[in-house]
Amino acid sequence: MNFGLLSLAALVLAIGIGFFRKLNTGLLAIAFAVILGKMAGFREADVIGGWSTNLFIMLLGVTFLFSIAQTNGTLELFARKVVAISGKQTRLIPWAIYFLTMFLAAIGPGTIPVMALIAPIGMALAAEMKISPLLLAPIGVLGSAAGGISPIAPTGIIGTTLAAQQGIVGIGMPYFYNSLIGETLVVAFLYIVLGGYKIKSEKVLRNADLPTFNKKQMITMAGIVAMVFIVLLTKSNVGLVAFVVGVALLWIGVADERKSIAGIPWGTLILVCGVGVLMNLAIKLKGIEMLAQFLASFMNPSTASPIIGLTAGIMSWFSSTSGVVMPTLIPTVSALVKSLGGNVSQLDLISSITMTAHTAGVSPASTGGALALASYAANAHVSEADQNKLFMQMFAVAVGSVLFMTLVAATGIYRIWGL
């Protein structure tokens, strides 16, 4: 029995049933993973190990802290004040979020922490302005990804280190420039396709019409700012820091504990982490590798960059870019270039792998998309059925983004530095 193919079929089936029957896809994915694991002879511990504790803690900590901010009205008032500052130019908010996240990620903390910090704010804006989160959710992810390839950011360091191990050196800044170019093009594409230029508030708010932050809200914002600085300066896990800050805020009495805990989108956390359990089996059973090998069989010097990028994007829908995709594909670059007669740019292939994989992070099955989905669910109080619908819509945006980035790679734009 081909368990790799069966694992992919189980994944598609779980998503399909969840969408059409309005069931939590995460619960279905766990059930399918248990059955598939037994059939394939895996230990129960192997199946359970697919539950990402790190992702769960990150999601739980961040949504807990921002649930406190939601409960006492801090987020809602903050979002309204941001909208008021923008006046009639609300269509520029996506670009403001993009450049802010790009800058924060580039100065050191990297992709994941900045995604976690920005997602709740962006989703609070989406809920407040009553617009689809399908645009604002990817913006924070792509901005963080763009800046995250900075030579001093973790993902940039991983990429250049993996390259250096093959003798590929001196690509640090061109690699970063390619990230800025590629992700900005995707943002522009989504901004146009998803109608970002049409964003308008139902009414133009003025700060003079809004109340000032009360004492509890000021303390809450101080706590969030403290979390930001702690994460930026110490590179600590944002979820754990959020827990500490959240507990301190509850101890001070800025919000009701029961309401804050109830405000955590538990269904979304189960949805995201549950799907990860089945995806982990798909990786172990070589299902994802089967897809990658199938695509790689079509490569030639002209198609190597877009095909390896597409392969990376597909893999990244189901796994970590920096933890799985880059360490798996970047080490193949030197051998691939040699097999193609040396007629392919090493920087081109490395950039295509990284940028397309990062673009797939818009998927709600990836960390960035998961954070956005969880934050929006907490702020907009969407139903279980709407969460599943939004999960599918965000995944569709991720597919479109990866295909667009594949076309970007095909243009040869990553080769402009001559490396």
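Relevant structure appears above.
Attention here is on the structure that accompanies the text. (Residues numbered from 1 in each chain as written. Predicted model: local features only at pLDDT ≥ 70, side-chain atom pairs only at ≥ 80, totals over all residues. Heavy atoms only, no water.)

Next up on the list: empty space enclosed by the protein. Over the atoms a probe the size of a water molecule is rolled, and this reveals where empty space is left. Taken as a whole, this structure holds 1 cavity of 30 Å³ or more when the rule is applied. The space that makes up the largest cavity amounts to roughly 70 Å³. Listing elements by their share of the lining of the largest cavity, those giving two or more residues are helix 7 (111-129), helix 8 (133-147) and helix 20 (367-380). Per-element accounting of the lining of the largest cavity gives the leading share, 5 residues, to helix 7. Of the residues that constitute the lining of the largest cavity, the class distribution is 9 nonpolar, 3 polar and no charged. (1 Å grid on protein atoms, 1.4 Å probe; cavity = no way out; pocket = protein on both sides within 12 Å on 5 of 7 lines; lining within 4 Å. Points joined across faces, edges and corners; volume = space filled by probe spheres on them. Helix = DSSP H or I, 4+ residues; strand = E, 2+ residues; numbered from the N terminus. Nonpolar A, V, L, I, M, F, W, Y, C, P; charged D, E, K, R; others polar.)

Further remarks concern the packing of helix 8 against helix 10 (residues 172-193). Close contact between helix 8 and helix 10 brings their axes to 8 Å; oriented N to C, the two are set at 170°. With respect to each other, helix 8 and helix 10 are oriented roughly antiparallel. Contact residues: helix 8 offers L135, P138, I139, L142, A145, A146 and G147, while helix 10 offers F176, S179, L180, E183, V186, V187, L190 and Y191. Across the contact of helix 8 with helix 10, the residue classes tally to 12 nonpolar, 2 polar and 1 charged. (Axes fitted to C-alpha atoms, helices over the stretch in contact; angles between N-to-C directions. Parallel < 35°, antiparallel > 145°, perpendicular 65-115°, else oblique. Contact = heavy atoms within 4.5 Å.)

In total, this model carries 10 aromatic pairs according to the counting rule given. A centroid spacing of 5.9 Å and a plane angle of 85° characterise the contact between W95 and Y98, whose relative ring orientation is edge-to-face. In this pair, W95 and Y98 are both assigned in helix 6 (residues 93-106), 3 residues apart and thus about one turn of the helix distant. An identical accessibility class is assigned to W95 and Y98; each is buried. The rings of W95, Y98, F99 and Y191 are connected pair by pair, giving a single aromatic cluster. (Phe/Tyr/Trp six-rings, centres within 6.5 Å; stacked < 30°, edge-to-face > 60°. Buried < 20%, exposed > 50% of the residue type's maximum accessible area, 1.4 Å probe, protein only.)

Right, let's get into the environment of A9. Mapping A9 onto the fold places it in helix 1 (residues 3-21). Of the residues examined, A9 reaches a relative accessible area of 41% and is grouped as partly exposed. Along the primary structure A9 and A282 are separated by 273 residues, whereas in three dimensions their C-alpha atoms are 9.6 Å apart.

What follows is about the environment of L75. Summarising the element assignment, L75 is placed in helix 5 (residues 74-86). Residue L75 is classed as buried on the basis of its relative accessible area of 3%. Residues L75 and L233, 158 residues apart in the sequence, show an inter-C-alpha distance of 24 Å.

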